Amino acid sequence: MVEVFAVASGKGGTGKTTSTLALGMALAAEYDVTVIDADTGMANILFHAGLSDVETTLHEVLAGNAPVEEAVYRRFGMDVVPCGTSLGGFREAEPGRLRDVVATLAERTDVILLDSPATLGSRSAVLPIVLADRIVVVLQPTIPSLSDGLKVQEYATTYGTDVAGILFNRVTDDEAIDRIATKAQRYFEGETLAVVPESETVRAARRASEPLLAHAPDSPPAESYWEAASALTVRPGESAAVADRFRSAVIPDDS
Ligand code: ADP
Ligand code: MG
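Fair warning: this is a prediction, and the values are worked out from it, not measured in the lab.

*Asks:* I keep staring at the overall build of the protein and nothing clicks. Help me out?
*Replies:* What the protein contains, in helices and strands, is 12 helices and eight strands. Relative to its length of 255 residues, the protein is compact, with a C-alpha radius of gyration of 17 Å against a globular reference of 18 Å. Dimensions of the protein, computed from C-alpha atoms along their principal axes, come out at roughly 50 × 40 × 35 Å. A separation threshold of at least 6 residues defines the contact pool for the protein, and within that pool the share at least 24 residues apart is 79%.

Next comes the structure, spelled out in structure tokens:
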């Protein structure tokens, strides 16, 4: 069984990478989880997961220079596929090969989380959303962020990708978020999975090169991610069928 989620938002800095690793660790309590850094132009899972020194990353795999197995690292109870950060690596990477990477990994895991690029950045940035079964939209509690998030939802649903839920991150005002979340519920197709507070602990985890749930598993922001993961019901797709779907997916042309 497998389900593929893209963790997405309109712009950068909303907390996609933080959320991908946190949801991944929380889901790993129940499922076999694989996390892939599909943000191949602005990769940073490696910095959040203590993998900045590894030899082989998704860049080499997407360039056709390494088998995917060489870029899979067992960390924090999950399989993590980091991506390199060099411009040269990005230039050599063939984005369409991501389909084969996901297809291969889909045959050996229960949940795949794709840490996705800022969707509104370029046409090729929508690839993870096109490929995923469902997306988790990471939002900050501001009107521009909600507006961006709605565009991401529109992209996703255009490609037949459902919305699993929305995640509010970097929340400072408890009262305002209740109002905003209630409103958002009307416009977003998925439920509100959790509200994650703005917290110095999240930044400290990043500085320590550890996912939040490894660095401070009992902290308030970590609690929110545990809650989000338990609100997320994984739909078990048949692995071989999901792999076939990925291999034959049509890539939107990047023009
Ligand atoms: P994205 O992947 O969407 O660009 P990141 O997960 O890299 O976003 O987060 C961007 C920055 O914001 C990072 O430095 C991260 O540590 C910080 N950050 C994310 N979530 C929080 C939070 N809840 N509280 C404080 N800082 C946060
Ligand atoms: Mg990121």
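Resuming the write-up.
*Asks:* Quick question: what am I supposed to make of the sheet that holds strand 6 (residues 134–139) here?
*Replies:* Whenever strands of a sheet pair, they do so through backbone hydrogen bonds, lying parallel or antiparallel. Here eight strands make up an open sheet; going across it, the order is 3-4-2-5-1-6-7-8 and the pairing mixed. Looking at which strands have only one partner, the edges of the open sheet turn out to be strand 3 (73–75) and strand 8 (191–197). Averaged over all pairs of adjacent strands, the angle between their axes in this sheet comes to 25°, without regard to strand direction. Across four bridges, strand 1 (residues 3–8) lies against strand 6 in parallel orientation. Bridge pairing links Phe-5 to Arg-134 in strand 6. The strands that helix 1 (residues 16–27) touches are strand 1, strand 2 (33–37), strand 4 (78–81), strand 5 (111–115), strand 6 and strand 7 (162–171); relative to strand 5, the one it contacts most, it runs at about 170°.

*Asks:* What's the story with the site of ligand 1 in this structure? I'm lost.
*Replies:* The immediate surroundings of ligand 1 are formed by 18 residues, with Gly-15, Lys-16, Thr-17, Thr-18 and Val-202 found nearest. Counting residues per element, the ones that place at least two in the shell around ligand 1 are helix 1, strand 7 and helix 9 (200–207). Here the shell around ligand 1 is composed, by residue class, of three nonpolar, 10 polar and five charged.

*Asks:* What am I meant to see in unusual backbone geometry here?
*Replies:* Excluding glycine, a negative phi dihedral is what most residues carry, and trans is how most peptide bonds are arranged. With a phi angle near 60°, Arg-170 is a residue other than glycine that sits in the positive phi range. For Arg-170, the position within the fold is in strand 7.

*Asks:* Looking at this structure, how should I read helix 1?
*Replies:* Every α-helix winds through 3.6 residues per turn, so residues three or four apart in the chain are directed the same way. With 12 residues, helix 1 extends 16 Å between its outermost C-alpha atoms, agreeing within 8% with the 16 Å of an ideal straight helix rising 1.5 Å per residue. Of all 12 residues in helix 1, 12 are buried; the element is thus mostly enclosed. All buried positions along helix 1 are accounted for by Lys-16, Thr-17, Thr-18, Ser-19, Thr-20, Leu-21, Ala-22, Leu-23, Gly-24, Met-25, Ala-26 and Leu-27.

*Asks:* Looking at this structure, I do not really get the environment of Pro-197. What am I missing?
*Replies:* Within the secondary structure, Pro-197 is located in strand 8. Each C-alpha atom, one on Pro-197 and one on Arg-170, is 5.0 Å from the other, the two residues being 27 residues apart in sequence. Sequence-distant contacts of Pro-197, that is, excluding residues within four places in its chain, are made with Val-171, Pro-220, Pro-221 and Ser-224.

*Asks:* Can you walk me through helix 8 (residues 174–187) in this structure?
*Replies:* Relative to the 20 Å expected for 14 residues at 1.5 Å per residue, helix 8 spans 20 Å between its end C-alpha atoms, a close match to the ideal helical length. Of all the 14 residues making up helix 8, one are buried; the element is thus mostly uncovered.

*Asks:* I keep staring at the pairing of strand 1 and nothing clicks. Help me out?
*Replies:* Across a regular strand the side chains alternate sides, sitting on one face of the sheet and then on the other. Within strand 1, six of the six residues are buried, which leaves the element mostly enclosed by the surrounding structure. Sheet topology places strand 1 next to strand 5; five bridges connect them, and they run parallel. Its bridge partner being in strand 5, Val-7 is matched across the sheet by Asp-115.

*Asks:* I'm lost on the environment of His-59 in this one. Help?
*Replies:* Assignment of secondary structure puts His-59 in helix 3 (residues 58–62). Separated by 27 residues in sequence, His-59 and Ser-86 have C-alpha atoms that sit 8.9 Å apart.

*Asks:* Is there a simple way to explain the environment of Arg-99 in this structure?
*Replies:* Position of Arg-99 among the secondary structure elements: in helix 5 (residues 98–106). Of the residues examined, Arg-99 has 20 C-beta atoms within 10 Å and is grouped as buried. Sequence separation of Arg-99 and Leu-131 is 32 residues, and the distance between their C-alpha atoms is 7.6 Å. Residue contacts for Arg-99: discarding those within four places in its chain leaves Leu-131, Phe-246, Arg-247 and Ala-249.

Criteria and thresholds
Along each chain, numbering runs from 1 in the same order as the chain's sequence is written. For this description, chains carry letters from A and ligands carry numbers from 1, given in the order in which they are written. Only residues with pLDDT of at least 70 are given local features in this predicted model, and only at 80 or more are side-chain atom pairs given and counted; all residues enter the totals for whole chains, interfaces and linings. Note on conventions: DSSP H or I runs of at least 4 residues are helices, E runs of at least 2 residues are strands, and numbering of each starts at the N terminus. Atoms counted for the radius of gyration: C-alpha only. Globule rule: 2.2 Å times residue count to the power 0.38. Throughout, a pair of residues is in contact if the C-beta atoms placed from their backbones lie within 7 Å. One requirement defines pairing of two strands: DSSP has to find at least two bridges between them. Think of each axis as a best-fit line through the C-alpha atoms, taken over the contacting stretch in the case of a helix, with angles from 0 to 180 degrees between the N-to-C directions. Placing the C-beta atom from the backbone, one calls a residue near a molecule or strand if that atom lies within 6 Å of it. The residue classification treats Ala, Val, Leu, Ile, Met, Phe, Trp, Tyr, Cys and Pro as nonpolar and Asp, Glu, Lys and Arg as charged. All others, Gly included, are polar. To estimate how far a helix should extend, the number of its residues minus one is multiplied by 1.5 Å. Any residue with 12 or fewer other C-beta atoms within 10 Å of its own C-beta is exposed, any with 20 or more is buried, and the rest are partly exposed; the C-beta atoms used are placed from the backbone.

So, to be careful, I would describe these as geometric facts and stop short of saying anything about function.
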